[in-house]
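# Summary of structural features
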Amino acid sequence: NAGVTQTPKFQVLKTGQSMTLQCAQDMNHNSMYWYRQDPGMGLRLIYYSASEGTTDKGEVPNGYNVSRLNKREFSLRLESAAPSQTSVYFCASSEVGYGTDTQYFGPGTRLTVL
Amino acid sequence: DAKTTQPPSMDCAEGRAANLPCNHSTISGNEYVYWYRQIHSQGPQYIIHGLKNNETNEMASLIITEDRKSSTLILPHATLRDTAVYYCIVRVGGYSTLTFGKGTMLLVSP
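In this text the structure is predicted, and so the values were computed from the model without any measurement.

Rules used throughout
- Numbers given for residues are sequential positions, taken from 1 along each chain in its written order.
- As a convention, the first chain written is A and the first ligand written is 1, with the rest following in written order.
- Where totals are concerned, whole chains, interfaces and linings use all residues; where local detail is concerned, this predicted model gives features only for residues with pLDDT of at least 70, and gives and counts side-chain atom pairs only at 80 or more.
- To get the side-chain values, take all heavy atoms of the structure and skip hydrogens and water.
- Only when DSSP finds a minimum of two bridges between them are two strands counted as paired.
- Here a helix means four or more residues in a row that DSSP labels H or I, a strand means two or more in a row labelled E, and each is numbered from the N terminus.
- Criterion for a disulfide: a pair of cysteine sulfur atoms at a distance within 2.5 Å.
- Here's how the labels work: a residue is buried when its accessible area is under 20% of the maximum for its type, exposed when over 50%, partly exposed in between, all with a 1.4 Å probe on protein chains only.
- Only heavy atoms matter for contacts: two residues are in contact if any of them lie within 4.5 Å across the pair.
- Put simply, buried area is the surface a 1.4 Å probe can reach on two separate parts but cannot reach once they are joined, added for both.
- Salt bridge, as used here, is a side-chain nitrogen of Lys or Arg placed within 4 Å of a carboxyl oxygen of Asp or Glu.
- In protein, a polar contact requires one atom able to donate a hydrogen and another able to accept it; more generally it is a pair of N or O atoms within 3.5 Å, and residues adjacent in sequence count only if both atoms are side-chain atoms.

### Section: the sheet that holds strand 2 (residues 18-23) of chain B
Residue and element names in this part refer to chain B. Strand order in the open sheet formed by four strands is 2-7-6-5, with antiparallel pairing between adjacent strands. Because the sheet does not close on itself, it has two edges, and the strands there are strand 2 and strand 5 (55-56). As paired elements, strand 6 (residues 61-64) and strand 7 (residues 70-75) share four bridges and run antiparallel to each other. Directly across from L62, in strand 7, lies its bridge partner L73.

### Concerning the state of the cysteines
All told, the structure shown has two disulfides over all chains when counted by the stated rule. In this model, C23(A) is linked to C91(A) through a disulfide, with the two sulfur atoms separated by 1.9 Å. Here C23(A) and C91(A) share a disulfide; its torsion about the S-S bond, -75°, makes the bridge left-handed. Of this pair, C23(A) sits in strand 3 (residues 19-25) while C91(A) sits in strand 9 (residues 87-94), and the two are 68 residues apart along the sequence. As far as the burial class goes, C23(A) and C91(A) line up, both buried. Note on cysteine connectivity: C22(B) is disulfide-linked to C88(B), with sulfurs 2.1 Å apart.

### Thoughts on the interface of chain A and chain B
At the interface, 23 residues of chain A touch 20 residues of chain B. Summing the contributions of chain A and of chain B, the shared interface buries around 1,600 Å²; its carbon and sulfur component is 55%. Where chain A meets chain B, there are zero salt bridges. At the junction of chain A with chain B, the criterion picks out three residue pairs in polar contact (both at pLDDT 80 or more).

### Side note on the side chain of Q38(B)
Residue placement: Q38(B) occurs in strand 3 (residues 31-38). A distance of 2.8 Å separates a polar atom in the side chain of Q38(B) from a polar atom in the side chain of Q37(A). Within the structure, Q38(B) has its side chain in polar contact with the backbone oxygen of Q42(B) (distance 2.8 Å). Those residues in contact with Q38(B) that lie beyond four places of it in its chain are Q37(A), L43(A), F90(A), G43(B), P44(B), A84(B), V85(B) and Y87(B).

### Some words on the environment of I48(B)
Residues and elements named next belong to chain B. For I48, the position within the fold is in strand 4 (residues 45-50). Along the chain, I48 and V33 lie 15 residues apart, while their C-alpha atoms are 8.5 Å from each other. Contact partners of I48, with chain neighbours within four places excluded, come to V33, Y34, W35, E55, T56, N57, A60, S61, L62 and L73.

What follows is the structure, given as structure tokens:
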């Protein structure tokens, strides 16, 4: 199993450009998440999808949109990129059970907005 | 979710046990203690979690005090590959999102 995969690994954008970050998981998990990590900081939740067909805002949703395409895939879109969105983006997935909700993370996408 | 306090950094000699403390004095009865780590430039990795009993797996041991106000993650024989930022997270069991603080930077030296 590949676990959680993310594409692309690196991306450079100019201010105002748009792009979509892709995430897929092969663990049959119901829940998926998008986080961002700025230098020297912990991860911050952007959006999450508790189950297929639902999405909810996290701590820092402004400037982003998401799509839960199916149970496997959860994409993050930047409609008009800004330098403040320069960050490393991590996708994660989990299966929720009583007393447990272990999240598994992808390798990250390193995004630079000039 | 309850707030956690961790030291910003710790050092450990290779082969020795690494004991990483975490304070969570406002923890509620239904909140679990989770530990994740992040090796440089990689995605976070789940290590272990527990409610009130001590837990052990192939990676580490988790010791939770009887009053549950603090815990210690133990890496029994630290290696250079254990150099990472370690995050202690307190959260309700079942569905809830993770809130990452700044964690503890553990440096394992030869």
